[in-house]
Amino acid sequence: MSTDESFTRLAGFIEDEMDFATSHYNDSYLQRRLASRMRRTGSDDYDEYLEVLRTDTDEREALLDALSINVTGFFRNEDVWEGIRSVLRELSEEKEQIHAWSAACADGREPYSLAMLAHDDPRTDEEKLNVLATDINDKALRSARAGVYETTRTIDIQEQLNFLSNYHRFVEQQDSTFSVRDQIQRHVTFEHHDLINDQPKAGFDLVICRNLFIYIDSEYKQPILETLTESIRPGGYLVIGKAETIPPNLKGAFEVLDGRLRIYRRD
């Protein structure tokens, strides 16, 4: 069996038996994540790794974890967060309540960043903010609910949090461990949601979905963006990744607020 056929067979098993929609993701993304797990299990090829998955439930869980967690960080791309600060200020002036959705939130640092920013900015009423944070990965959601993060050799959490005027008000630091305080956690609700297969949400003033589409196969980007568009109230805002774009047939639904930062207003 050729390598392509073996990959297709393995991807089919993951989709059919493990309920992960491999057909919606780029092959290059899947192959990178599979290669990592294959090295860890000592599998020489796709066929050998498939046999591991058939018999090892722990490895199935580890693979699902690897496939669904994306890179994240507090205040990733600070210029974008300055743009989001402006959006929060405007919504705070206009709305009695601000309903925000952090879609594909991974381990929770994005929605917590949003809540911390509202507290940090004197021109935003943080008591108005309610954040729904969703992800397909239940393990990531459990970590997000705990709100505990550690600095590693590749991630300096203190440097990320220095975007704020005084992050110690919102995060308790003990050596290299950072715990999000209750005053921030109470603004954020986490739940499981699959952007590809589940129903759209509704009634949001701000939706943030950044750096997901670089992993998604082109034909599925539009349905996801349609789901996000349906969830936003007229006059609400959408923020996507700086390397991502809105499909031409959906551009009519939005006014470009800042093209460089990929911040849009729903018509």
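Going by the structure above, here's the rest.
Residues numbered from 1 in each chain as written. Predicted model: local features only at pLDDT ≥ 70, side-chain atom pairs only at ≥ 80, totals over all residues. Heavy atoms only, no water.

### Regarding unusual backbone geometry
In this structure, D175 takes a positive phi of about 60° despite not being glycine. Judged by its relative accessible area of 69%, D175 is exposed. At R262, a position not held by glycine, the phi torsion is positive, near 60°. Among the secondary structure elements, R262 is positioned in the loop between β9 (254–258) and β10 (263–266). For R262, a relative accessible area of 19% translates into the label buried. (Buried < 20%, exposed > 50% of the residue type's maximum accessible area, 1.4 Å probe, protein only. Helix = DSSP H or I, 4+ residues; strand = E, 2+ residues; numbered from the N terminus.)

### Describing the environment of F74
Relative to the assigned elements, F74 resides in the loop between α4 (57–68) and α5 (78–94). Take F74: its relative accessible area is 2%, and that puts it in the buried class. Along the sequence, F74 and G236 sit 162 residues apart, while their C-alpha atoms lie 23 Å from each other. If we ignore the near neighbours within four places in the chain, the residues touching F74 are R109, Y112, S113, M116, Y149, I157, Q160 and L161. (Contact = heavy atoms within 4.5 Å.)

### Examining the packing of helix α2 (residues 27–41) against helix α3 (residues 46–55)
In contact at an axis separation of 10 Å, α2 and α3 are set at 70° when each is read in the N-to-C sense. Taken together, the axes of α2 and α3 lie roughly perpendicular to each other. Side by side, α2 and α3 meet where Q31, L34, R37, M38 and T41 of the first sit next to Y46, Y49 and V52 of the second. Residues of the contact of α2 with α3, tallied by class, amount to five nonpolar, two polar and one charged. (Axes fitted to C-alpha atoms, helices over the stretch in contact; angles between N-to-C directions. Parallel < 35°, antiparallel > 145°, perpendicular 65-115°, else oblique. Nonpolar A, V, L, I, M, F, W, Y, C, P; charged D, E, K, R; others polar.)

### Re helix α7 (residues 138–146)
Among the residues of α7, A140, L141 and A144 are the ones counted as buried. Looking down the long axis of α7, one finds its buried residues gathered within 100° of arc, a one-sided arrangement. As for α7, its buried residues are in contact with α6 (109–120), β2 (129–135), β3 (148–150) and β6 (188–192). The N-cap residue of α7 is N137: its side-chain oxygen and the backbone nitrogen of K139 are 2.9 Å apart. Positioned one or two residues after α7, G147 has a phi angle of 70°, which is positive. (Arc of directions from axis to C-beta. Polar contact = N/O pair within 3.5 Å; in protein donor to acceptor, adjacent residues only side chain to side chain.)

### Some points on the packing of aromatic side chains
Counted by the stated rule, this structure contains 12 aromatic pairs. Here the aromatic rings of F74 and Y149 are separated by 5.2 Å at their centres, their planes lie at 85°, and the arrangement is edge-to-face. Linking F74 in the loop between α4 and α5 with Y149 in strand β3, this pair joins segments that are 75 residues apart in sequence. Linked through ring pairs, F20, Y25, Y29 and Y215 together constitute an aromatic cluster. (Phe/Tyr/Trp six-rings, centres within 6.5 Å; stacked < 30°, edge-to-face > 60°.)

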